[in-house]
Amino acid sequence: MKALLIVDVQNDFLPGGALPVKDGDLIIPIINKLQKKFSFIVATQDWHPENHGSFAANHGGHEIGGFVQLNGVKQILWPVHCVQESQGAEFHQDLDKEKWIRIFQKGTNPLVDSYSGFFDNNKNGDTGLSDFLKSEGVRELYVCGLAADYCVKFTVIDGIDEGFTTYLITDATKAVNLQEDDFEKALEEMEDHGAILLDSSSI
Ligand code: VGL
Ligand code: ZN
């Protein structure tokens, strides 16, 4: 069975949010249209406590975009975003949610970031997504959402490593693009890892 996995389409990652992805809102109608083609849909939600170690504000003197060592792992510093229970952590109001079977929250441990919807960046924490999909008989994963160069990329890579045939829907994702070519690089990395890239029109 195939599943649609919608990654982090939350207010803070959309124009006007704390960590906005340029034109991120343009993928919402595409994702809503895609949802009509799937009976099995799950979503991920970046869901940080206020004291999360990925926030520059929690490392006095360090700037956004700078790096720290977080629990022995190199961590890029982000603006405060997707704080639990905040409006910025909510899914965009125009995104259809009626058919979602389950939401998997990530980034809840203040000591480690979690880009992938499956595991924390140090691979210790497990959201339960993989076991859930497997127990429901899912074999093919179609991934879309934000951001292509972070959470989408790491979700796709873990999906492949977990044994799912993993598709990236290239017109239903956008990159936050800290560097100008991050989108192209992310696509290449995913493809090199075994992802199948396709356009929503071919689904
Ligand atoms: C994300 C940076 C920090 C994402 C989440 O959803 O791509 N990026 N937290
Ligand atoms: Zn985050």
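Criteria and cut-off values
- Residues numbered from 1 in each chain as written.
- Chains lettered and ligands numbered in written order.
- Predicted model: local features only at pLDDT ≥ 70, side-chain atom pairs only at ≥ 80, totals over all residues.
- Heavy atoms only, no water.
- UniProt positions renumbered as here; feature names shortened; annotations may be inferred.
- Helix = DSSP H or I, 4+ residues; strand = E, 2+ residues; numbered from the N terminus.
- Donors = N, O, S within 2.8 Å, 3.2 Å for Na, K, Ca; no water.
- Tetrahedral: all angles 85-135°; square planar, octahedral: opposite > 155°, others 65-115°.
- Buried < 20%, exposed > 50% of the residue type's maximum accessible area, 1.4 Å probe, protein only.
- Arc of directions from axis to C-beta.
- Contact = heavy atoms within 4.5 Å.
- Near = heavy atom within 4 Å.
- Polar contact = N/O pair within 3.5 Å; in protein donor to acceptor, adjacent residues only side chain to side chain.
- Areas by Shrake-Rupley, 256 points an atom, 1.4 Å probe, with all protein chains shown as cover.
- Nonpolar A, V, L, I, M, F, W, Y, C, P; charged D, E, K, R; others polar.
- Core = buried A, V, L, I, M, F, W, Y, C linked by side-chain atoms within 4.5 Å.
- Salt bridge = Lys/Arg side-chain N within 4 Å of Asp/Glu carboxyl O.

Labelled according to an unreviewed UniProt entry, the protein appears under the name Nicotinamidase, originating from Mongoliibacter ruber. Its UniProt record, at the heading Pathway (unreviewed entry), says of the protein: "Cofactor biosynthesis; nicotinate biosynthesis; nicotinate from nicotinamide: step 1/1." What the UniProt record of the protein gives under Sequence similarities (unreviewed entry) is the line "Belongs to the isochorismatase family."

Time to look at the UniProt feature "domain: Isochorismatase-like" (unreviewed entry) in the protein. Annotation from UniProt places "domain: Isochorismatase-like" (unreviewed entry) at residues 3-200. Taken end to end, residues 3-200 comprises 20% helix and 23% strand; its first and last C-alpha atoms sit 14 Å apart.

Protein coordination at the zinc ion (ligand 2): the donors are Asp-46 (OD), His-48 (NE2) and His-81 (NE2), at 2.0 to 2.2 Å from the metal. Taken together, the four donor atoms coordinating the zinc ion (ligand 2) span angles of 87 to 169° at the metal, a pattern that classifies the geometry as irregular. Considered as a linear motif, the donors of the zinc ion (ligand 2) on their single chain read D-x1-H-x32-H. Here His-48, found in the loop between strand E2 (41-46) and strand E3 (67-70), pairs with His-81, found in the loop between strand E4 (73-76) and strand E5 (100-106); they are 33 residues apart in sequence, far enough to count as distant. Neither residue differs from the other here; His-48 and His-81 are each classed as buried.

The complete set of buried residues in helix H1 (residues 27-35) reads Ile-27, Ile-28, Ile-31, Asn-32, Leu-34 and Gln-35. For H1, the angular spread of the buried residues around the axis is 160°, confining them to a single face. Away from its buried face by more than 90 degrees, H1 exposes Pro-29 and Lys-33. Looking at the packing, one finds that the buried side of H1 touches strand E1 (2-7), E2, E5, strand E6 (140-146) and strand E7 (165-174).

Moving on, we come to the site of ligand 1. Asp-8, Phe-13, Leu-19, Asp-46, Trp-78, His-81, Tyr-115, Leu-146, Ala-147, Tyr-150 and Cys-151 make up every residue found near ligand 1. One of the side-chain N or O atoms of Asp-46 is found 3.1 Å from a nitrogen atom in ligand 1. At 3.1 Å, a backbone N or O of Cys-151 approaches an oxygen atom of ligand 1. For ligand 1, the accessible surface in isolation is 260 Å², of which the surrounding protein chains cover 99%. Partitioned by chemical class, the residues of the shell around ligand 1 number eight nonpolar, one polar and two charged.

Turning our eyes to something else, we now look at the environment of Gly-53. Tracing the backbone shows Gly-53 in the loop between E2 and E3. Linking Gly-53 and Leu-77, residues 24 residues apart in sequence, is a C-alpha distance of 8.2 Å. In this view, Gly-53 contacts His-59, Leu-70, Gln-75, Leu-77 and Pro-110; residues no more than four positions away in its chain are not counted.

By secondary structure assignment, the location of Gln-45 is in strand E2. Only 2.9 Å separates the side chain of Gln-45 from the side chain of Gln-105, close enough to count as a polar contact. Those residues in contact with Gln-45, other than ones at most four positions away along the chain, are Asp-8, Gln-10, Ala-89, Glu-90, Phe-91, Ile-103, Phe-104, Gln-105 and Lys-106.

Right, let's talk about the nonpolar core for a bit. In terms of nonpolar packing, the biggest core is built from 60 residues, with Leu-4, Ile-6 and Leu-133 touching the most fellow members. In this structure Leu-133 touches Ala-3, Phe-40, Val-42, Phe-118, Val-138, Leu-141 and Phe-164, once residues within four positions along its chain are discounted.

It is worth spelling out the pattern of salt bridges at this point. In total, this model carries seven salt bridges according to the counting rule given. The shortest N-O distance in the salt bridge between Lys-123 and Asp-158 comes to 2.7 Å. Of this pair, Lys-123 sits in the loop between E5 and helix H2 (129-135) while Asp-158 sits in helix H3 (residues 151-161); the two residues are 35 residues apart in sequence, bridging distant segments of the chain. A relative accessible area of 45% means that Lys-123 is categorised as partly exposed. For Asp-158, a relative accessible area of 6% translates into the label buried.

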